[in-house]
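Observations on chain architecture
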Amino acid sequence: MTSLPHVITEIPGPESQRLHAQRLDAVPQGFGVALPVFIDHATESALVDVDGNRLIDFASGIAVTSVGAANPRVRDRVAAQLDRFTHTCFMVTEYEGFVRVAEWLNAHVPGDFDKRTALFTTGAEAVENAVKIARSHTGRPGVLVVDEAYHGRSLLTMSMTAKHHPYKTSFGPFADEVVRVPNANPLRGQGAAYALSEIERTIDEHGADAFAALVVEPIQGEGGFVVPAPGFLAGLRRIADAHGIVLVVDEIQSGLGRTGALFASEYEGVAGDLTLTAKALGAGVPISAVTGRADIMNSAHVGGLGGTYAGNPLACEAALAVFDELESPGFLDGVRRMEQVIRERLQPLVDDLGPVADLRGRGAMMAIEFADPESLVPRPDLAQSVTSACHSAGVLTLTCGTHGNVIRLLPPLVIDPAALSAGLEILVEAIRSVTTADAREAAA
Ligand SMILES: *Cc1c(COP(=O)(O)O)cnc(C)c1O
């Protein structure tokens, strides 16, 4: 029973509303919020708010709490570390956890070569440092990024991010030397061959010595869970090799079991020269990593990399607990089974309902796109209405996509099957009723 949604007030409830009003007087409006509900505690499947409502978690704090937001292994390891010490700064004196996290990532990140791992704190910092390392290795300035990419909110990563609003509006001037190239987006008819030839053309235009790095998400996150057309990643690998460009695979959202493999790039048989992880790495205790070829990683000079909190000891212990979960028997099989369950429940909507244009993704990283059936004009209004209906019924879903017309599912990888099923039922119901009302309105 504890895995079913349990809604006893309006959403947000009175206590959440009271706290949200206080928040407005304390926190700038720049921090948006998907659902202004205040959380009291979590289970492996749900978030319980301060009014006692239990919301099925299809967000995982944006793919962070893959092992649950209150994982006992994470708690135990972090608590034990809390008793020893909270911080030394790895650049001042060292501690073992940092080394163990680096060793695990070196062993498990794709790529059959000698590796090194540098730990940081946020995803944006991992992206920034990958670019620093690639520039240091190549002696070149340029960074290639793809359409619909999301890489963060710092100056460089905001510049690398495609979507203007809300990430970039009024925040320029942006970092130089970032060049955007097409993505292989199958729904929009952009095949891998077209995108790859455009990328080759761009490299020719700028000169073969222009680019240090080519940065790509193997499945895009904020950009709309776009799974690139088959062959795209392998083509990028070939282009990077041909031009001496460092291929940086941003697995910050897609990595660490989310797609049913440890890394999404495994599905394409591609290994980045550098692979980035963050989000799920610390189960919410902030930590990120750049893992890659030893010679490239070692090209930055002594003292060139770091950060006060980089690879904080509490976060390292959290990451080691996450690794234990990921390696527990049958864990990734369970994620692939979730994909089957999600597809079985949602594919009929694509077949039956015009504006449900696409169901895509891998593992527990699945999305539904709403668009006009003929023109494919995005329908963010439908995604928004469905999301609101889900929230009211006790299921926390998120939207994404350049046009905000995609609903993404990011349940904890440890979600109780009954909670997954109950949440999907509510989502299906919401999509049917919103699209039916929309069709009636269009006919009227
Ligand atoms: C979230 C995300 C980032 C940025 O991570 P932060 O921890 O928010 O800085 C970068 N790349 C991808 C693919 C992401 O999903």
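Counting of residues starts from 1 at the beginning of each chain's written sequence and follows it residue by residue. For this predicted model, a pLDDT threshold of at least 70 governs which residues receive local features, and a threshold of 80 or more governs which side-chain atom pairs are given and counted, while totals over whole chains, interfaces and linings are taken from all residues. Side-chain measures here rest on the full set of heavy atoms in the structure, leaving out hydrogens and waters.

What to know about the packing of helix H12 (residues 380–392) against helix H13 (residues 417–443)
- Contact geometry for H12 and H13: axes closest at 9 Å, N-to-C directions at 135 degrees. Relative to H13, the element H12 lies oblique. You can see that H12 and H13 cross each other, and the crossing is right-handed. Across the interface between the two elements, Leu 382, Ser 385, Val 386, Ala 389 and Cys 390 of H12 pack against Ile 426, Leu 427, Ala 430, Ile 431, Val 434 and Asp 438 of H13.
- Residues are grouped as follows: nonpolar covers Ala, Val, Leu, Ile, Met, Phe, Trp, Tyr, Cys and Pro; charged covers Asp, Glu, Lys and Arg; every other residue, Gly included, is treated as polar. Of the residues assigned to the contact of H12 with H13, the class counts are nine nonpolar, one polar and one charged. Axes here mean lines fitted to C-alpha atoms, for a helix over just the part in contact, with angles spanning 0 to 180 degrees between N-to-C directions. The helix count covers DSSP runs of H or I at least four residues long, the strand count covers runs of E at least two residues long, and both are numbered beginning at the N terminus. Orientation is classified from the angle alone, with under 35 degrees giving roughly parallel, over 145 giving roughly antiparallel, 65 to 115 giving roughly perpendicular, and any other angle giving oblique. Should the near helix be turned counterclockwise from the far one by less than a right angle, the crossing is left-handed, whereas a clockwise turn marks it as right-handed. Should any heavy atoms of two residues lie within 4.5 Å, those residues are counted as being in contact.

Observations concerning the domain arrangement of the protein
- Domain annotation for the protein reports domain 1 (14–57 + 330–443) and domain 2 (74–326).
- Domain limits in this description derive from either an automatic procedure or a database domain assignment. For domain 1 and domain 2, the distance between their C-alpha centres works out to 27 Å.
- Between domain 1 and domain 2, the contact holds 29 residues from the first and 25 residues from the second.
- For any pair of parts, buried area is found by adding up, for both, the accessible area (1.4 Å probe) each one loses once the two are put together. Both faces considered, domain 1 and domain 2 share a buried interface measuring about 2200 Å² in area, 59% of it formed by carbon and sulfur atoms.
- When the buried surface of domain 1 facing domain 2 is broken down by residue, Arg 362, Met 365 and Thr 402 rank first, second and third, together holding 33% of it.
- Any Lys or Arg side-chain nitrogen located within 4 Å of an Asp or Glu carboxyl oxygen qualifies as a salt bridge. There are two salt bridges connecting domain 1 and domain 2.
- Across the pair Glu 369 and Arg 188 runs a salt bridge whose closest N-O atoms are separated by 2.4 Å.
- Pairs of N or O atoms within 3.5 Å make up the polar contacts considered here, provided that, within protein, one atom can donate a hydrogen while the other can accept it, and that residues adjacent in sequence are counted only when both atoms are side-chain atoms. Joining domain 1 to domain 2, the criterion identifies twelve residue pairs in polar contact (both at pLDDT 80 or more).
- Only helix H11 (331–352), strand S11 (356–362), strand S12 (365–370) and strand S15 (406–409) provide two or more residues apiece to the side of domain 1 that touches domain 2.

Things to note about the packing of aromatic side chains
- The aromatic pairing rule takes the rings of Phe, Tyr and Trp, using the six-membered ring of Trp, and pairs them if the centres are within 6.5 Å, calling planes under 30 degrees apart stacked, those over 60 edge-to-face and the rest tilted. Evaluation of the coordinates by the stated rule reveals six aromatic pairs.
- A centroid spacing of 3.6 Å and a plane angle of 5 degrees characterise the contact between Phe 90 and Phe 98, whose relative ring orientation is stacked.
- One aromatic cluster in this structure is built from Phe 85, Phe 90, Tyr 95 and Phe 98.
- Stacked on the ring of Phe 113, the Lys or Arg Lys 115 has its end atom at 5.4 Å from the ring centre. Each ring is checked for a lysine NZ or an arginine CZ that lies within 6 Å of its centre and within 35 degrees of its normal; such an atom marks a charge sitting over the ring.

Here we look at the sheet that holds strand S4 (residues 115–120)
- Only strands that DSSP links by at least two bridges are regarded as paired with each other. Within the open sheet, the seven strands sit side by side as S4-S10-S9-S8-S7-S5-S6. Their pairing is mixed. The open sheet terminates on both sides in strands that have one partner only, identified here as S4 and strand S6 (178–181). Taken pair by pair, the neighbouring strands of this sheet meet at an average axis angle of 20 degrees, ignoring direction.
- In the sheet, S4 pairs with strand S10 (residues 288–293) via six bridges, with the strands oriented antiparallel. In the strand pairing of S10, Ala 118 is matched with Val 290.
- Of the strands in this sheet, S4, strand S5 (142–146), strand S7 (211–216), strand S8 (246–250), strand S9 (274–277) and S10 are in contact with helix H5 (residues 123–138), which crosses S10 at around 30 degrees.

Examining the site of the ligand
- Contacts to the ligand come from Thr 122, Gly 123, Ala 124, Tyr 150, His 151, Gly 152, Glu 217, Asp 250, Ile 252, Gln 253 and Lys 279.
- Within the side chain of Lys 279, a nitrogen or oxygen atom sits 2.6 Å from an oxygen atom of the ligand.
- In the shell around the ligand, the residues fall into three nonpolar, five polar and three charged. By convention in these notes, a residue is near a molecule or strand provided one of its non-hydrogen atoms lies within 4 Å of it.

Quick look at helix H4 (residues 96–108)
- What a helix should span is 1.5 Å times the count of its residues minus one. Across its 13 residues, H4 extends 19 Å between first and last C-alpha, which sits within 8% of the 18 Å expected from 1.5 Å per residue.
- Burial here depends on accessible area, computed with a 1.4 Å probe over protein chains only, as a share of the maximum for the residue type. Under 20% is buried, over 50% is exposed, and the range in between is partly exposed. Taken as a whole, H4 has its buried residues at Gly 97, Phe 98, Val 101, Ala 102, Trp 104 and Leu 105. Burial along H4 is one-sided: seen end-on, the buried residues are contained in an arc of 160 degrees. For H4, the exposed residues set more than 90 degrees away from the buried face come down to Glu 96 and Ala 107.
- Those residues of H4 that are buried are in contact with S4, S9, S10 and helix H10 (313–326). Note that the arc is computed from the directions linking the helix axis to the C-beta atoms.

Details of the side chain of Glu 369
- Within the secondary structure, Glu 369 is located in strand S12.
- In this structure Glu 369 comes out as buried when scored by relative accessible area, which is 6%.
- Here Arg 188 takes part through its side chain, which lies 2.4 Å from a polar atom of the side chain of Glu 369.

Remarks on the nonpolar core
- Residues belong to a common nonpolar core when they are buried Ala, Val, Leu, Ile, Met, Phe, Trp, Tyr or Cys residues joined through side-chain atoms within 4.5 Å. In this structure, Leu 105, Phe 323, Leu 346, Phe 370, Val 386 and Ile 431 are the most contacted members of the largest nonpolar core, which totals 63 residues.
- Residues lining this core come from more than one domain, with at least three contributed by each of domain 1 (14–57 + 330–443) and domain 2 (74–326).
- Setting aside its immediate chain neighbours within four residues, Val 386 contacts Phe 370, Ile 407, Leu 427, Ala 430, Ile 431 and Val 434.

Focus on the pattern of salt bridges
- Tallied over the full model, the rule gives 23 salt bridges.
- Put simply, Asp 241 and Arg 237 hold a salt bridge, and the shortest N to O gap is 2.8 Å. Note that Asp 241 and Arg 237 are positioned in helix H8 (residues 232–243) at a spacing of four residues, about one turn of the helix.
- One salt bridge connects Asp 333 with Arg 336, and the closest N-O pair in it is separated by 2.6 Å. In this pair, Asp 333 and Arg 336 both sit in helix H11, three residues apart, roughly one turn of the helix.
- Residue class for Asp 333 comes out partly exposed when judged on its relative accessible area of 39%.
- The structure contains a network of salt bridges with shared partners spanning Arg 188, Asp 358, Arg 360 and Glu 369.

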